[in-house]
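Breakdown of the fold
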Amino acid sequence: MNISQRRIDAAPQSRYTAWVKRVVVVDDDDDMRQLMCLLLSDRYEVSTANNGARGLEVVRAVRPDLLVLDLLMPIMHGFEVCQRMRADPELKNIKILISSSKSYAHDVRTAVEETGADDYIVKPFEVTEFNRRVDTLAGSA
């Protein structure tokens, strides 16, 4: 069992219980954040933030299985969020999926190699591909 999983009762009268994995979505675009929540909320407990600094606070509080992170945001850039998480012994093992409109090979390489992100998906993305990558990284696939 992953420590960041949370046990919930499906229904008070039911004996069925499930483990819900947690995902934090950090994106400064309200529509994109809402879309990702809509795509994930039936399978995950989803928390959100609209900038990198707040996102790091949410990650520290929630301890998710996966962080879905935009790069170009106010207050703290996504690269810095990645670097801070990888330098923090308590956060370094959380999976990170970069979701960005930056599609240059250099940006992808930098995000994955230099900051320690686990994967990168270019926006706009195919819904099935986004779901597949989230499920794989969160350990739900």
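Here the structure is a predicted model, which means the values were calculated and not measured.

Attention now goes to the overall build of the protein chain. For the protein chain, the helix and strand inventory stands at five helices and six strands. Listing the helices and strands of the protein chain from first to last along the sequence gives β-β-α-β-α-β-α-β-α-β-α. Restricting to contacts in the protein chain with at least 6 residues of sequence separation, those with at least 24 account for 55%. Carbon and sulfur atoms form 49% of the exposed surface of the protein chain, whose accessible area is close to 7,700 Å².

For the rest of this paragraph, the subject is the packing of aromatic side chains. One pass over the structure, following the stated rule, counts one aromatic pair. Summarising the aromatic geometry, the rings of F125 and F130 are spaced 4.5 Å apart at their centres and angled 10° between planes, so their arrangement reads as stacked.

Here strand 5 (residues 95-100) lies mainly inside the structure; five of its six residues are buried. Handedness of the β-α-β unit built from strand 4 (residues 66-69), helix 3 (residues 78-87) and strand 5 comes out right-handed. Looking at chain direction, strand 5 and strand 6 (residues 119-122) are connected through four bridges and run parallel. In the strand pairing of strand 6, L97 is matched with D119.

Below, the discussion takes up the environment of L56. For L56, the location among the structural elements is in helix 2 (residues 52-62). Judged by its relative accessible area of 2%, L56 is buried. As for L56 and R84, which are separated by 28 residues in sequence, their C-alpha atoms are 8.5 Å apart.

It is worth spelling out the packing of helix 1 (residues 30-40) against helix 5 (residues 127-138) at this point. The interhelical angle for the contact between helix 1 and helix 5, taken along N-to-C directions, is 65°, at an axis separation of 11 Å. Considering the angle they form, helix 1 stands roughly perpendicular to helix 5. For helix 1 against helix 5, the interelement crossing comes out right-handed. Of the residues in helix 5, those touching helix 1 at M36, L39 and L40 are V127, F130, N131 and V134. Among the residues making up the contact of helix 1 with helix 5, the classes are represented as six nonpolar, one polar and no charged.

Conventions adopted
Residues numbered from 1 in each chain as written. Predicted model: local features only at pLDDT ≥ 70, side-chain atom pairs only at ≥ 80, totals over all residues. Heavy atoms only, no water. Helix = DSSP H or I, 4+ residues; strand = E, 2+ residues; numbered from the N terminus. Contact = heavy atoms within 4.5 Å. Areas by Shrake-Rupley, 256 points an atom, 1.4 Å probe, with all protein chains shown as cover. Phe/Tyr/Trp six-rings, centres within 6.5 Å; stacked < 30°, edge-to-face > 60°. Buried < 20%, exposed > 50% of the residue type's maximum accessible area, 1.4 Å probe, protein only. Right-handed = clockwise from strand over helix to strand, strands pointing away. Pairing = 2+ DSSP bridges. Axes fitted to C-alpha atoms, helices over the stretch in contact; angles between N-to-C directions. Parallel < 35°, antiparallel > 145°, perpendicular 65-115°, else oblique. Left-handed = near helix turned anticlockwise from the far one by under 90°. Nonpolar A, V, L, I, M, F, W, Y, C, P; charged D, E, K, R; others polar.

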